[in-house]
Amino acid sequence: MSRLLVTGGAGFIGSNFARYWRAKYPDDMVIVLDALTYAGNRANIADLEDSDKFLFVHGNILDQTLVEELLRKHEIDTLVHFAAESHVDRSILGPDAFIETNIVGTHSLLKAARRVWLEEWEGKRTVRFHHVSTDEVYGTLGPDDPAFTETTPYAPNSPYAASKAASDHLVRAYMETYGLPVTISNCSNNYGPYHFPEKLIPLVITNILDDRPLPVYGDGLQIRDWLYVEDHCRGIDLILKSDKVGECFNIGGDNEWANIDIVRLICGLMNQAMQDEGNRKAFPKAESALKGKAENLITFVTDRPGHDRRYAIDATKTKMILGFTTKESFATGIRKAIQWYLENETWWRDVQTGEYRQWIAQQYDL
Ligand code: NAD
Ligand code: DAU
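Definitions and limits used
- Residues numbered from 1 in each chain as written.
- Chains lettered and ligands numbered in written order.
- Predicted model: local features only at pLDDT ≥ 70, side-chain atom pairs only at ≥ 80, totals over all residues.
- Heavy atoms only, no water.
- Pairing = 2+ DSSP bridges.
- Helix = DSSP H or I, 4+ residues; strand = E, 2+ residues; numbered from the N terminus.
- Axes fitted to C-alpha atoms, helices over the stretch in contact; angles between N-to-C directions.
- Phe/Tyr/Trp six-rings, centres within 6.5 Å; stacked < 30°, edge-to-face > 60°.
- Buried < 20%, exposed > 50% of the residue type's maximum accessible area, 1.4 Å probe, protein only.
- Lys NZ or Arg CZ within 6 Å of the ring centre and 35° of its normal.
- Near = heavy atom within 4 Å.
- Polar contact = N/O pair within 3.5 Å; in protein donor to acceptor, adjacent residues only side chain to side chain.
- Areas by Shrake-Rupley, 256 points an atom, 1.4 Å probe, with all protein chains shown as cover.
- Nonpolar A, V, L, I, M, F, W, Y, C, P; charged D, E, K, R; others polar.

### Here's the deal with the sheet that holds strand 7 (residues 189-191)
Read across the sheet, 3 strands follow the order 7-9-11 without closing on themselves; strand pairing throughout is mixed. Lying at the two open borders of the sheet, with one neighbouring strand each, are strand 7 and strand 11 (256-258). Pairwise comparison of adjacent strand axes, ignoring direction, gives a mean angle of 50° for this sheet. Summarising the sheet, strand 9 (residues 223-228) and strand 11 pair through 3 bridges and their orientation is antiparallel.

Structure follows, in structure tokens:
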């Protein structure tokens, strides 16, 4: 039985991970530590909170004393670190929060783990610090470049990617210097339930339902490698259960799509969804999709500065060593994601707070 501390567990991937872990390992203790920034939402984990094997702690990863107390009091043996500022566009407008949370915050967690696990417990218990990172640390690819492997040199292009790269280096340094047992995963773009609607896929789905413009940056030909969020959780599970301490693992979907093609695909699926009588009644504002013309909402807008052209993950190492495979195809995953947003209107309306609306308006000048 394990005792997990999941940082950022009220966010998109962290909440999916907490739910995945509860279902698969019901005897394990899962403690979520989350500061509830605009991206963190207690509703994301509401269904988990009635279990005595689950605890939510409202707190900041920068609070080293709090993290040390949690490690001691709950005898944590596995720290899974998702907490981050995660949106590239926000990092361009305001990098400071990214430096604070992603770099200083990760360092604060490392210091707490070193103090309790290595100094107080004298390294006698089997513990693991797993750091959740991104493919963005590798920079950008040309159309014919081979996909990123774990040995691709780091070349981050946005303040977000640079802050994640810095945190990866700190995690590695704590292993090499102090012997902290760490693992790192670098994953491609996730999608699925509880994805915050400032990110491309949920933004397009929810904007279609409100008949709002669908902003496509630049020429829309940038490529991302999309992975259903539960497959990411399964990849982290495999890493945690392996004895590959000190290793980095790429996780990806072998699923490259140009942004404009994804947007057109979602438009087509939303047009279809609006043929259903229940959906027609539930979403009367979705005028374009109701007419079978959601693609009329596509609006090309100014490109993101420093926009990476292409990401692609080579997950051969993770497949060969850990047996990682994706269970969800994109054809089924994107339909499941759309269905989730159709069935969870209250959730996405609630997270679209005043702050969100202000941000979106400022972003796209809509
Ligand atoms: P998210 O923005 O949806 O959630 C981040 C969570 O962290 C939120 O609940 C937020 O409240 C919490 N948080 C932020 N600052 C905090 C702090 N100082 N202390 C405690 N909690 C804090 O992010 P996500 O998309 O779920 O990403 C999770 C992790 O996965 C991040 O580290 C991100 O870099 C990485 N990642 C994301 C993707 C993706 O496609 N979304 C892909 C690869 C890697
Ligand atoms: O690759 C992994 C990364 O994926 C994670 O590390 C990040 O945390 C996560 O946010 C995501 O970053 P991206 O920048 O790739 O995701 P986003 O959904 O913001 O954008 C996906 C692509 O769509 C990107 O090329 C920018 C483009 N885009 C995005 C938005 C929000 C648009 O064209 N229009 C939009 O409105």
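Having seen it, we continue.
### Some thoughts on the packing of aromatic side chains
Applying the stated criterion to the full structure yields 19 aromatic pairs. Ring geometry for Trp21 and Tyr25: centres 4.4 Å apart, planes at 40°, overall tilted. Judged by relative accessible area, which is 18%, Tyr25 ranks as buried. In this structure an aromatic cluster arises from ring pairing among Phe17, Tyr20, Trp21, Tyr25 and Phe82. The side chain of Lys317 reaches across the aromatic face of Phe249, ending 4.7 Å from its centre.

### Brief notes about the site of ligand 2
With respect to spatial proximity, 24 residues lie near ligand 2, and among them Thr134, Asp135, Tyr160, Arg304 and His307 are the closest. One of the backbone N or O atoms of Ser86 is found 2.8 Å from an oxygen atom in ligand 2. The contact in question runs from an oxygen atom of ligand 2 to an N or O atom on the side chain of Glu136, over 2.9 Å. Alone, ligand 2 offers 680 Å² of accessible surface; in the complex the protein occludes 95% of this. Mapped onto the shell around ligand 2, the elements with two or more residues apiece are helix 6 (200-209) and strand 8 (214-217). The element contributing the most residues to the shell around ligand 2 is strand 8, with 3 residues. Split into classes, the residues belonging to the shell around ligand 2 amount to 10 nonpolar, 8 polar and 6 charged.

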